[in-house]
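Listed below, chain by chain, are the residues.
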Amino acid sequence: MGKRVYYFGDFCLDPVARELTRNGEAVTIAANAFGCLTYLIEHRERAVGKDELVSAVWGRVDVSDNLLAQTIVRLRRALGDAGAGQRCIRTIPRVGYRWMLDTVVADMPGETAEQVPASSPDVLVEPLPAPGLQPSPWRGRALWIAALCMLAAAVGYWRWSAVRQPLRLGQGVAIVLPAEVNAPADWKWLRFGLMGLLSNELHDARIPVESSQTVLSLLDQPGGNPHLDTFALVIHPRVTLVDKQWHVHLDARTADGRTWQAESSTDNVLNAARWANTRLLAQMGVAVRPAAPTTDDAKEEYLMRIDVATNAGSSDVARELIDKAPANIREMPEFDYAKAVFHCSEDELAPCKQGLADLLQRLPADEQPTLRGRVLAQQYYVYYREHKYAEGVVALSEAVALLQKQSNKTYLAFAYAQRGELEKVQGKLDQAQADFGLARANYALDSYDVAALDMDGAIAEVAMRRGQFAQAIPVLQRAYDEYQRMGMRRQMPDILMQLAIARRMLLQYAEELAATDIYWPLQQKHWGIEDRISRHLLAYERAQALANNGRTAEANDLLESVLTQIASDPQGEPGLQDTVYVLLAKLALQRNDIQAAQSWIGKAMDKPLLERNNDNHDYASAWLTNALVMQRAGKTKEFKDAVDALQTWAAGLPARDEWIDILLLRAQAAEAWSEGRHDQALDQLKLAMSKADAYGVPELIVDVAQVYTQALIAAGKVEDAASISGKLSTWSQVDWRAAWAQACVYRALGQMPYAEQYQSKARQLAGDRVLPSEASVFLY
């Protein structure tokens, strides 16, 4: 296929070569300006919205209008369009920009070169203002296991130096399939081992290649995967042992139908695979030269076996290899690293922690900086499990500093991502935002598309932490669409859960339920999700969606089944278990079942909840629920104790959190009202309402406004109540609380037809909930 070049005026734009010339002379512009120019010209038939342009060029949701405007100004200057005429790039008011010059398009002969994202510089080591995230902290174990797999899949034993002449694959990536192995059973590890070896060889030759772990996940889909033709290059290895000679044969095919074959035979299987790969790349026009032979092949093979067993989840095999490792293997720091990674992946904190600590003692930064950086990054698991987040950030910062000076961007991306996880848990969203953005960019530069998509999920979650749920949805949708295109079914449910959460916060309950409909019921939809934590989380989000659509009895049954499954698990999942208890208490409160609500919230609060749940918002919500349940049960002392506990904990947080402040004000107002201090309660609710409005999350606005409205009516301030209820009109057709507040206001105003209309709507939206009495305040 050819490449496309654009001519306008005296200029020539070559997006593939990333060159802008004027009369044959190079014009230097910033990477983001180049990206804006390319995108505007490629979409010159219409105006391009600002949000669309930012998303396409920066790949993020948090770029300011001012930065975009400055970029356009500099681009206009470079094109000689700095006057008021705007002959090249015209500003379209309230929309964005449009390319105006007549442009000639030329399709040039030759293969299409690999395209680099427009906003990606050659080296990414400085903080970028990009968003980022981590799934809810009670998903912790599932998160770090996935992170381990991502890093382990990138582990390389590279022994080739590549001439930088990459095979041109356009925007696609290559994959290596599991090898067909015709050899005795003790060589079965080659099925996955050669995947990693060949993937690393391709990566070293500057060919964008997806990780082995991603390919295995892709192939391990229910009913197989029909999407292999979406990859630009697919390599299928076959290996046979005959008379002590290893024969390695490689078949390669591109998406446009080109094919190559190469083979090699030696008495060493790893060397045979390398020579076959060298010959294959030579046929493709990619020159590589092997390093000089070494005597470490046996050691490399042994480490590869451990790596393969760990990634494949063969715990017994990996443990036996580690326990029976020969003395010369045990002397290697790489063996100690593989051993520590195995213990981390098995959730064995003590040996993981000790192994990493011992390894750091024998790894001076000036001798083996890459391995030391990887060890420091791996310590994320230890610091996360021990809740030592600040110490973890220090260790990860050293890892970043070491790996910035090395060539492997995947290792650097992993370190950025894990530092971002720890910063996010501490509520340091700006820092986490930058680190997740850097992780995504470096994964993309190393052509690990799935890892980059995982960072899109992180980007969206940080946006959601900021209350930017509407901005998070297109990022999540883009990631979901890409997973779907690639057939990565097992990555999709987590994105769907995040979409459901975002829809819930925006009070888009029908869309929330629709997101869970895609994966539920799990067995009937054949997602093939074996991880117990992921299955429990999917069920929890399904229950939330059911409850928000008025089906609380179904939600209650589903949550109780989740608790039964957690109880039967020897390892359990106390953080998620407590979260389920809290939701069950809320549902019981909404059904006016005070006894059940007391029982469920008592189970959640009977132990130090925060030690098991790192999510501050969940923790604050649990204490507020506890306070409201105690108030409804008439337990005055327990009610006051719950409010005091929430206030004491919130005061000790390292940084203010508006979301938590709003929940605290609700609890304090409930206490003040119960003690007859109605004016103080109204002042606190007024402040909570102001904060909720500023935060801009519909769920918070409606939650506070319903209580505030009813408190104002009870205080005889009906006109003020009408003013507040007016804010709820937007959501009165989708949320029962908004409709109920409207009904109460109209009844207080004597407008009975309207009151009955909204009361009927509230009953419809409430489903099997029990509506509160009109005189009730601070019930939910």
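Quick caveat, the model's predicted, so the values are computed rather than measured.

Scanning the protein chain for helices and strands turns up 34 helices and 15 strands. By residue count, 57% of the 780 residues in the protein chain fall in the buried class. Surface summary for the protein chain: the accessible area is close to 32,200 Å², and the carbon and sulfur share equals 49%.

Attention shifts here to the nonpolar core. Core analysis: the largest hydrophobic core is formed by 130 residues, its most contacted members being Phe-469, Leu-559, Val-580, Trp-649, Trp-659 and Met-689. Among the elements that take part in this core, helix H29 (residues 658–674) stands out by supplying 11 residues, more than any other. Not counting the four nearest positions on each side in its chain, Trp-659 is found in contact with Phe-469, Met-505, His-617, Tyr-695, Val-697 and Leu-700. The next biggest cluster of nonpolar side chains, apart from the first, holds 47 residues, and it includes Leu-363, Val-393, Ala-444 and Ala-451.

Taking 1.5 Å per residue, 17 residues should reach 24 Å; helix H25 (residues 574–590) reaches 25 Å between its end C-alpha atoms and fits that length. Counting buried residues along H25, 14 of its 17 residues qualify, which places the element largely inside the surrounding structure. Trailing H25 by a residue or two, Asn-592 shows a phi angle of about 65°, which is positive.

Looking now at the sheet that holds strand S6 (residues 89–92). The sheet built from 3 strands is open, its strands ordered S5-S7-S6 with antiparallel pairing. Single-partner strands in this sheet number two, and they are strand S5 (48–49) and S6. Relative to strand S7 (residues 96–99), S5 is paired through 2 bridges, and the arrangement is antiparallel. Residue pairing for S7: Val-48 is matched across the bridge by Tyr-97. Helix-sheet contacts for helix H1 (residues 31–42) involve S5, S6 and S7, and the interaxial angle to S7 is about 70°. On top of the sheet, helix H3 (residues 65–78) reaches S6 and S7; it is set at about 150° to S6, its chief contact.

Let us look at the pairing of S6. Sheet topology places S6 next to S7; 4 bridges connect them, and they run antiparallel. Across the sheet, the residue bridging to Thr-91 is Tyr-97, located in S7. Between S6 and S7, which pair antiparallel in sequence order, lie 3 residues; one of them, Arg-94, sits at a positive phi of approximately 65°.

What follows deals with the pairing of strand S12 (residues 233–242). Note that strand S10 (residues 174–176) and S12 share 3 bridges and pair parallel. Within S12, the position partnered with Val-176 by the bridge is Ile-235. Pairing geometry for strand S11 (residues 180–182) and S12, over 3 bridges, is parallel. Within S12, the position partnered with Glu-180 by the bridge is Arg-238. In this structure, S12 lies alongside strand S13 (residues 245–254), joined through 10 bridges in antiparallel fashion. For Leu-241, the partnering residue across the bridge sits in S13 and is Trp-246. Between S12 and the antiparallel strand that follows it, S13, lie 2 residues; Asp-243 among them carries a positive phi value of about 50°.

In contact at an axis separation of 10 Å, helix H20 (residues 492–505) and helix H23 (residues 532–548) are set at 30° when each is read in the N-to-C sense. Taken together, the axes of H20 and H23 are roughly parallel relative to one another. The handedness of the crossing between H20 and H23 comes out as left-handed. Contact residues: H20 offers Pro-493, Met-497, Ile-501 and Arg-504, while H23 offers Leu-537, Leu-538, Glu-541, Gln-544 and Asn-548.

Summed over the entire model, instances satisfying the criterion amount to 32 salt bridges. Across the pair Lys-324 and Glu-320 runs a salt bridge whose closest N-O atoms are separated by 2.9 Å. We classify Lys-324 as exposed; its relative accessible area is 58%. Given the relative accessible area of 43%, Glu-320 is considered partly exposed. Three or more residues are tied together by salt bridges with common partners; here these are Arg-666, Glu-699, Asp-703, Asp-735 and Arg-737.

What follows is about the environment of Leu-728. By secondary structure assignment, the location of Leu-728 is in the loop between helix H32 (718–726) and helix H33 (736–748). The exposure class of Leu-728 is buried, given its relative accessible area of 0%. Here Leu-728 is in contact with Ile-701, Val-702, Ala-705, Gln-706, Ala-738 and Ala-741, once residues within four sequence places are set aside.

Any residue range with low pLDDT should be treated as having predicted coordinates unsuitable for detailed reading. Summary statistics for the protein chain give a mean pLDDT of 82 and a share of 84% for residues scoring 70 or more. Below a pLDDT of 50 lies the segment residues 289–295, which in the model reaches 10 contacts outside its immediate sequence neighbourhood of four places, other chains included.

Taking 1.5 Å of rise per residue, 17 residues should cover 24 Å, and helix H31 (residues 698–714) covers 24 Å from first to last C-alpha, within 8% of that figure. Here H31 lies mainly inside the structure; 16 of its 17 residues are buried.

On to the environment of Pro-237, then. Following the sequence through the fold, Pro-237 ends up in strand S12. Given a relative accessible area of 1%, Pro-237 falls into the buried group. Here the alpha-carbon distance between Pro-237 and Ala-276, two residues 39 residues apart in the chain, equals 9.6 Å. Once residues lying within four places of it in the same chain are set aside, the contact partners of Pro-237 are Val-176, Leu-177, Pro-178, Ala-179, Glu-180, Leu-198, His-249 and Leu-250.

About the thresholds
Residues numbered from 1 in each chain as written. Predicted model: local features only at pLDDT ≥ 70, side-chain atom pairs only at ≥ 80, totals over all residues. Heavy atoms only, no water. Helix = DSSP H or I, 4+ residues; strand = E, 2+ residues; numbered from the N terminus. Buried < 20%, exposed > 50% of the residue type's maximum accessible area, 1.4 Å probe, protein only. Areas by Shrake-Rupley, 256 points an atom, 1.4 Å probe, with all protein chains shown as cover. Core = buried A, V, L, I, M, F, W, Y, C linked by side-chain atoms within 4.5 Å. Contact = heavy atoms within 4.5 Å. Expected span 1.5 Å × (residues − 1). Pairing = 2+ DSSP bridges. Axes fitted to C-alpha atoms, helices over the stretch in contact; angles between N-to-C directions. Parallel < 35°, antiparallel > 145°, perpendicular 65-115°, else oblique. Left-handed = near helix turned anticlockwise from the far one by under 90°. Salt bridge = Lys/Arg side-chain N within 4 Å of Asp/Glu carboxyl O. pLDDT = per-residue confidence, 0-100.

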